[in-house]
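Observations on the three-dimensional arrangement
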Number of protein chains: 2
Amino acid sequence: MRISLIGSGNVATHLGAALKNAGHHIAQVYSPNLQNAALLAYHVKAEPVDNIDQISPQADIFIIAAKDDAIPGIAGSLARHQVLTVHTSGATDMNTLQQYVENCGVLYPLQTFSKTREVDFRQVPLCLEASSYEVYLIIRELAQTVSNNIYQVDSQQRRVLHLAAVFACNFPNLLYNMAQQILAGNGLDFNIVRPLILETAQKVQELLPSQAQTGPAIRRDEQTMAAHLALLAQQPGLQELYKILSQEIIKMDIGQRQAD
Amino acid sequence: MRISLIGSGNVATHLGAALKNAGHHIAQVYSPNLQNAALLAYHVKAEPVDNIDQISPQADIFIIAAKDDAIPGIAGSLARHQVLTVHTSGATDMNTLQQYVENCGVLYPLQTFSKTREVDFRQVPLCLEASSYEVYLIIRELAQTVSNNIYQVDSQQRRVLHLAAVFACNFPNLLYNMAQQILAGNGLDFNIVRPLILETAQKVQELLPSQAQTGPAIRRDEQTMAAHLALLAQQPGLQELYKILSQEIIKMDIGQRQAD
């Protein structure tokens, strides 16, 4: 397909590379920052543009991979072309596009992307929504060229997915950071816990998290929890969080036992 | 070495298997539950015993892999043999053993173990402490036969490590469970977020967590955070936690910027 990419951030970069590798033609890359547009355009052999009015209608699909609050403005600017348009946002309704363009949809990659890190895009779950069945078939065909994990998800479900992703990714990463701070404050290297972090994530690739829970809270090990709270005496924020999360583990366990 | 294992839980099971595979002789396995002792003893070709007084002094080392609060009692019962004794606990001081036996130490595997899941033990960080340099050399030699990740860590550092492990493993798993509950409550499959969970952990194998943070809080995306909080209106516990953790991400980011 002939694709124009509206955006040059993490999602645009990884999706653009995957599409290019799958043999699609990336026509143009737009970013309000020409340098950013040029960098991605160079990688996917496209034309960089920094004015949305330079986006040509000579494309089969526009992919808007921009900040959520920029999507309506971009969609409005591109409306006159009436080219099939999708966005890649987890938190934005398809309606936001439908106001401007008849044939539209969503292609939401449920993954955490950093520009400096390679991702095996074939494993990335792509959550699709479309304004019609015909459009759905086109978007699905495109998606299948880059990923083996395709899901059909409506706007309400996608909002829930996006929320779940915060709990599955953003918050765990915050907790990794807290672990790193605790270690650094005592002259210990973050390397010591890296295998533990990886194994914790690997376990739930097969098990459900409720089956994989370990630690002092699930064992009701009051002595260890008290010792941990004492170690956090100088960090009241972490101490309070330790209490809340331990209580939640105990609640989860009780819920689990009642369900069994 | 000729080893007796005091305990038959997750740590005893994985450590016992790794030691057996490394060519050591497991003499006896003790558990107050004979069936549990017998199961592990069968796998490591040892004699199962359910009475601590049946533990023979014919061993180079006793490895106590038992619940934290059981360690002093076990150490007391074995004291008359004065065999080199280590425990595997992250939260128990070496002192607990030293009261009873002169040559002692700690061999703390910093990993999350489930009986049903294989772990590559060579990657498991082993945190060692010993009552003397001579004892340290013996424990280290033993540890090196099963793992490539050996650290010397004193009792105070081990307490901190154990605390950090709660933030790196137990709490993230709780958040995975919350994600799973949120998805299940909306008819969505946990499989959709499994690749995200894995990638989040894989990212920090190279990066620091502060470099890997993504999501609405770090972007100060107030609109998305408000939408997420609205979705959690019926679950005040999760809603409150979402607020607290998002605030912590923002604080982390401010701290990071000031440090840069």
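Residues numbered from 1 in each chain as written. Chains lettered and ligands numbered in written order. Predicted model: local features only at pLDDT ≥ 70, side-chain atom pairs only at ≥ 80, totals over all residues. Heavy atoms only, no water.

**Focus on the sheet that holds strand 4 (residues 61-64) of chain A**
Residues and elements named next belong to chain A. The strand order across the open sheet formed by eight strands is 3-2-1-4-5-6-7-8, and the pairing between neighbours is mixed. Looking along the sheet, the strands with just one partner apiece sit at the ends: strand 3 (47-49) and strand 8 (149-152). For this sheet, the mean angle separating the axes of adjacent strands, direction not counted, is 25°. Here strand 7 (residues 125-130) pairs with strand 8 via four bridges, running parallel. Bridge pairing in strand 8 links L126 to I150. Across the sheet, helix 5 (residues 133-144) touches strand 1 (2-6), strand 4, strand 5 (85-87), strand 6 (104-109), strand 7 and strand 8, and the angle it forms with strand 7 is around 165°. (Pairing = 2+ DSSP bridges. Helix = DSSP H or I, 4+ residues; strand = E, 2+ residues; numbered from the N terminus. Axes fitted to C-alpha atoms, helices over the stretch in contact; angles between N-to-C directions. Contact = heavy atoms within 4.5 Å.)

**Brief notes about the environment of Q54 of chain A**
Residues and elements named next belong to chain A. Looking at the element boundaries, Q54 is found in the loop between strand 3 and strand 4. Judged by its relative accessible area of 40%, Q54 is partly exposed. Spatially, the C-alpha atom of Q54 lies 29 Å from that of C127, the residues being 73 residues apart in sequence. (Buried < 20%, exposed > 50% of the residue type's maximum accessible area, 1.4 Å probe, protein only.)

**Some details on the sheet that holds strand 6 (residues 104-109) of chain B**
Sheet strands pair via backbone hydrogen bonds, and the direction of the pair is either parallel or antiparallel. Residue and element names in this part refer to chain B. Strand order in the open sheet formed by eight strands is 3-2-1-4-5-6-7-8, and the pairing between neighbours is mixed. Strand pairing shows two members of the sheet lacking a second neighbour, strand 3 (47-49) and strand 8 (149-152), which therefore form its edges. Averaged over all adjacent pairs, the angle separating strand axes in this sheet is 25°, with direction ignored.

**Focus: the interface of chain A and chain B**
Between chain A and chain B, the residue contacts involve 84 residues of the former and 84 residues of the latter. Summing the contributions of chain A and of chain B, the shared interface buries around 8400 Å²; its carbon and sulfur component is 69%. Taken together, the links from chain A to chain B amount to four salt bridges. With a shortest N-O distance of 3.2 Å, R117 of chain A and E206 of chain B are connected by a salt bridge. (Buried area = accessible area lost by both parts, 1.4 Å probe. Salt bridge = Lys/Arg side-chain N within 4 Å of Asp/Glu carboxyl O.)

**Some words on the packing of aromatic side chains**
Summed over the entire model, instances satisfying the criterion amount to eight aromatic pairs over all chains. Ring centres 5.1 Å apart and planes at 80° place the aromatic pair F167 of chain A and F171 of chain A in the edge-to-face group. On the criterion of helical spacing, the pair formed by F167 of chain A and F171 of chain A is a turn pair, its members being four residues apart in helix 6 (residues 155-184). We note that F167 of chain A, like F171 of chain A, is buried. Taking 5.3 Å as the distance between ring centres and 70° as the angle between the ring planes, the aromatic pair formed by Y242 of chain A and F171 of chain B counts as edge-to-face. Within this pair, whereas Y242 of chain A is found in helix 10 (residues 236-259), its partner F171 of chain B is found in helix 6 (residues 155-184), the two belonging to separate chains. Taken together, the aromatic side chains of F167 and F171 of chain A together with Y242 of chain B make up a single cluster linked through ring pairs. (Phe/Tyr/Trp six-rings, centres within 6.5 Å; stacked < 30°, edge-to-face > 60°.)

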